[in-house]
Amino acid sequence: MTNGRIFDKPGTYRIRVKGNLDQRWSDWFDGFGISPQAGNETLLTGKVADQAALHGLLDKIRDLGLPLLLVKREEQPGE
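Read on for an overview of the structure. Model, not experiment: these values are computed from the prediction.

About the thresholds
For every chain, the first residue of the written sequence is number 1, and numbering continues from 1 along that sequence. Residues qualify for local features only when their pLDDT is at least 70, as the model is predicted, and side-chain atom pairs are given and counted only at 80 or more; totals for whole chains, interfaces and linings, by contrast, use all residues. Hydrogens are left out, water is left out, and the side-chain values use all remaining heavy atoms of the structure. The helix count covers DSSP runs of H or I at least four residues long, the strand count covers runs of E at least two residues long, and both are numbered beginning at the N terminus. Categorising residues by exposure relies on relative accessible area from a 1.4 Å probe, with only protein chains included: less than 20% of the type maximum marks a residue as buried, more than 50% marks it as exposed, and the intermediate range marks it as partly exposed. Residues count as neighbours in contact if any of their non-hydrogen atoms are within 4.5 Å of one another. Here the Shrake-Rupley method, with its probe set to 1.4 Å, supplies the accessible areas, and only the displayed protein chains count as covering residues. We treat two strands as partners when DSSP finds at least two bridges between them. All axes are obtained by fitting lines to C-alpha atoms, using only the stretch in contact for helices, and the reported angles, taken between N-to-C directions, cover 0 to 180 degrees. Any pair of Phe, Tyr and Trp rings, taking the six-membered ring for Trp, is counted once the centres come within 6.5 Å. Such a pair is stacked with planes under 30 degrees apart, edge-to-face with planes over 60 apart, and tilted for the rest. Only lysine NZ and arginine CZ atoms are considered, and such an atom sits over a ring when it is within 6 Å of the ring centre and within 35 degrees of the ring normal.

**Some points on the overall build of the chain**
Item 1. When its secondary structure is counted, the chain shows one helix and four strands.
Item 2. Traced from its N-terminal end to its C-terminal end, the chain shows the element sequence β-β-β-α-β.
Item 3. Residues classed as buried in the chain amount to 29% of the 79 residues present.
Item 4. The contacts in the chain between residues at least 6 apart in sequence include a share of 65% that link residues at least 24 apart.
Item 5. A total accessible area of about 5100 Å² is found for the chain, and carbon and sulfur atoms account for 53% of it.

Structural data, given as structure tokens:
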């Protein structure tokens, strides 16, 4: 089990949702890259400052009614 400290630092996340979003949503998702995927899915990729910022993004996804399929923090050197 981790002590959680690495999650309070900036990190890059990949978030996959069911549904189609286009690039016009990038500003609303704090500048995350938006990539359409096969199977009516969208991949959002970008940096968040900390866990509070990540939860804010997840709230936006919830508010749009998009089913959440994946949330993955990319490995950073030294973690």
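Following the structure, the description resumes.
**Focus on the sheet that holds strand E2 (residues 33-37)**
Item 1. Pairing in this open sheet of four strands is antiparallel, and the strands run E2-E3-E1-E4 from one edge to the other. The open sheet terminates on both sides in strands that have one partner only, identified here as E2 and strand E4 (68-73). Neighbouring strand axes in the sheet, compared pairwise and without regard to direction, differ in orientation by 15° on average.
Item 2. Contacting strand E1 (11-18), strand E3 (41-48) and E4, helix H1 (residues 51-64) crosses the sheet at an angle of about 15° to E1.

**A word on the packing of aromatic side chains**
Item 1. In this structure the tally under the stated criterion is two aromatic pairs.
Item 2. A centroid spacing of 5.5 Å and a plane angle of 70° characterise the contact between Trp25 and Trp28, whose relative ring orientation is edge-to-face.
Item 3. Since its relative accessible area comes to 30%, Trp25 is described here as partly exposed.
Item 4. Centre to centre, the rings of Trp28 and Phe29 are 5.3 Å apart; their planes meet at 80°, and the pair counts as edge-to-face.
Item 5. Three or more aromatic residues joined by ring pairs make a cluster, and in this case those are Trp25, Trp28 and Phe29.
Item 6. The residue whose ring lies beneath Lys60 is Trp28, and the NZ or CZ to ring-centre distance is 5.3 Å.

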